[in-house]
Amino acid sequence: MPAEPGHLPHTRTSRFAWGAVVVILVGVTALLVYTLTDTPTTLRVVHRAETAPDTLRALATVPVTTFDAIGITALDAGLTPPTVVTGQAPLYAAGKPEVLFVGAEYCPFCAAERWPLVLALSRFGHFGMLHDMLSSTTSVFPGIQTFSFFDASYTSPYLTFTGIEIYSDVAAPNGTFTKITNLTPGQQTLVTHYGAASRTGNGTYPLVDIDNMVVSTTSGFSPATILRIPRSTIISDLKKGETPASRAIVASANYLTAGICAATDQQPSSVCTSKGVRAAAQSLGVT
């Protein structure tokens with residue numbers, strides 16, 4: 001299968017589970033298996049604009065009533081829920097359950113998945129720093145407005161968040177995307193394991209692993225849902241959750257929140273007992 005322009009030589013496709021667009025998605029999802037084990041002598045340093053404090057506050061203050069009203073209903077988006085896994089050792093870091101994100105800045109599916117993940121994590125803690133960015137402009141879903149977890153900071157009394165961006169959206173002289181981070185052997189093992197389990201091969205972007213209990217190996221909704229929508233519009237629409245994009249983001253965030261609640265023993269209760277989260281937990285089977 002031909003690779004998307006600018007991708008590294010060894011690529012695989014990531015599963016995206018809804019009907020009408022599956023052929024396109026199979027052709028464009030970035031799976032860069034050999035690069036997970038490649039360790040270059042130098043990594044590219046990227047500089048991005050910090051996400052404004054007002055934006056971080058807006059993402060952290062989406063009303064509970066909006067989460068509850070939407071629940072897991074976003075009919076226009078064709079949601080892909082995360083998967084509950086069993087038989088794996090808990091994923092801990094710094095003495096707390098870990099939420100691990102592995103992605104690449106150029107990847108449009110990663111771009112879409114960061115929105116609900118930031119929303120979900122903001123219910124358990126605080127982002128001190130994020131960075132604004134666009135996914136690759138050469139993708140079939142070009143220039144998705146999103147954030148980067150590269151050099152981000154996050155604190156929570158309930159969990160540890162590790163956000164990894166392996167590649168930037170900047171092309172090197174040879175046409176490949178520049179590597180900015182290396183995976184640890186343990187992280188590489190998780191990417192390989194869950195990629196194989198999802199029938200995508202030995203690796204996949206994005207990966208969201210919540211304490212080895214709830215795992216997502218693709219975005220929760222199609223990147224087309226937020227294509228060509230300005231960041232400011234997406235953020236302002238989240239408050240009421242009345243647009244297809246905002247409903248998709250909030251519903252996906254409820255699924256991720258339910259997974260995190262399972263990892264934190266349903267803490268904080270104000271979040272984990274809310275109507276929208278309970279609906280997601282029941283759907284996932286983690287009640």
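From a predicted model like this one, the values you see are computed outputs, not experimental measurements.

Participant: Any chance you could explain the packing of aromatic side chains here in plain terms?
Facilitator: In this description, a pair of aromatic rings is defined by centroid distance and the angle of the planes. Within the structure shown, the criterion is met by 10 aromatic pairs. Judged by centre distance (5.9 Å) and plane angle (80 degrees), the rings of Tyr154 and Phe161 are edge-to-face. Accessibility assignment for this pair places Tyr154 and Phe161 in one class, buried. Linked through ring pairs, Phe101, Phe127, Phe149, Tyr154 and Phe161 together constitute an aromatic cluster. A cation over an aromatic ring shows up here: Arg123 above the ring of Phe67, its NZ or CZ 3.8 Å from the ring centre. Directly above the ring of Phe147 sits Arg231, whose terminal nitrogen or CZ lies 5.5 Å from the centroid.

Participant: It is not clear to me how the pairing of strand E9 (residues 167–171) should be interpreted in this structure. Could you clarify?
Facilitator: Where E9 and strand E10 (residues 177–179) come together, 2 bridges link them in antiparallel fashion. If you follow Tyr167 over to E10, its bridge partner there is Lys179. The hairpin turn running from E9 into E10, its antiparallel successor, is 5 residues long, and Gly175 in that turn takes a positive phi close to 95 degrees.

Participant: How do you make sense of the packing of helix H7 (residues 231–238) against helix H8 (residues 244–263) when you look at a structure like this?
Facilitator: When two helices pack together, their arrangement is captured by the angle between the axes and the distance separating the axes. At a minimum axis separation of 9 Å, H7 and H8 run at an interaxial angle of 65 degrees. One finds that H7 runs roughly perpendicular with respect to H8. For the crossing formed where H7 meets H8, the hand is right-handed. Across the interface between the two elements, Ile234, Asp237 and Leu238 of H7 pack against Ser246, Ile249 and Val250 of H8. Here the residues of the contact of H7 with H8 sort into 4 nonpolar, 1 polar and 1 charged.

Participant: Mind showing me how you'd approach the state of the cysteines here?
Facilitator: In a disulfide, the sulfur atoms of two cysteines are held together by a covalent bond. This structure, assessed with the given rule, holds 1 disulfide. Paired through a disulfide, Cys261 and Cys272 show a sulfur-sulfur distance of 2.0 Å. Across the S-S bond linking Cys261 and Cys272, the dihedral sits near -90 degrees, which makes this disulfide left-handed. Placement of the pair is Cys261 in helix H8 and Cys272 in helix H9 (residues 269–272), with a sequence separation of 11 residues. The burial state of Cys261 is the same as that of Cys272; both residues are buried.

Participant: Hey, could you run me through the pattern of salt bridges in this one?
Facilitator: If charged atoms from side chains of opposite charge come close, those side chains can pair. Using the criterion set out here, one finds 5 salt bridges in the structure. Across the salt bridge formed by Asp132 and Arg231, the nearest N and O atoms sit 3.9 Å from each other. Linking Asp132 in strand E6 (residues 126–134) with Arg231 in helix H7, this pair joins segments that are 99 residues apart in sequence. If you follow the salt bridges from partner to partner, you end up with Arg48, Glu105 and Asp169 in one network.

Criteria and thresholds
Residues numbered from 1 in each chain as written. Predicted model: local features only at pLDDT ≥ 70, side-chain atom pairs only at ≥ 80, totals over all residues. Heavy atoms only, no water. Phe/Tyr/Trp six-rings, centres within 6.5 Å; stacked < 30°, edge-to-face > 60°. Buried < 20%, exposed > 50% of the residue type's maximum accessible area, 1.4 Å probe, protein only. Lys NZ or Arg CZ within 6 Å of the ring centre and 35° of its normal. Pairing = 2+ DSSP bridges. Helix = DSSP H or I, 4+ residues; strand = E, 2+ residues; numbered from the N terminus. Axes fitted to C-alpha atoms, helices over the stretch in contact; angles between N-to-C directions. Parallel < 35°, antiparallel > 145°, perpendicular 65-115°, else oblique. Left-handed = near helix turned anticlockwise from the far one by under 90°. Contact = heavy atoms within 4.5 Å. Nonpolar A, V, L, I, M, F, W, Y, C, P; charged D, E, K, R; others polar. Disulfide = S-S within 2.5 Å. Salt bridge = Lys/Arg side-chain N within 4 Å of Asp/Glu carboxyl O.

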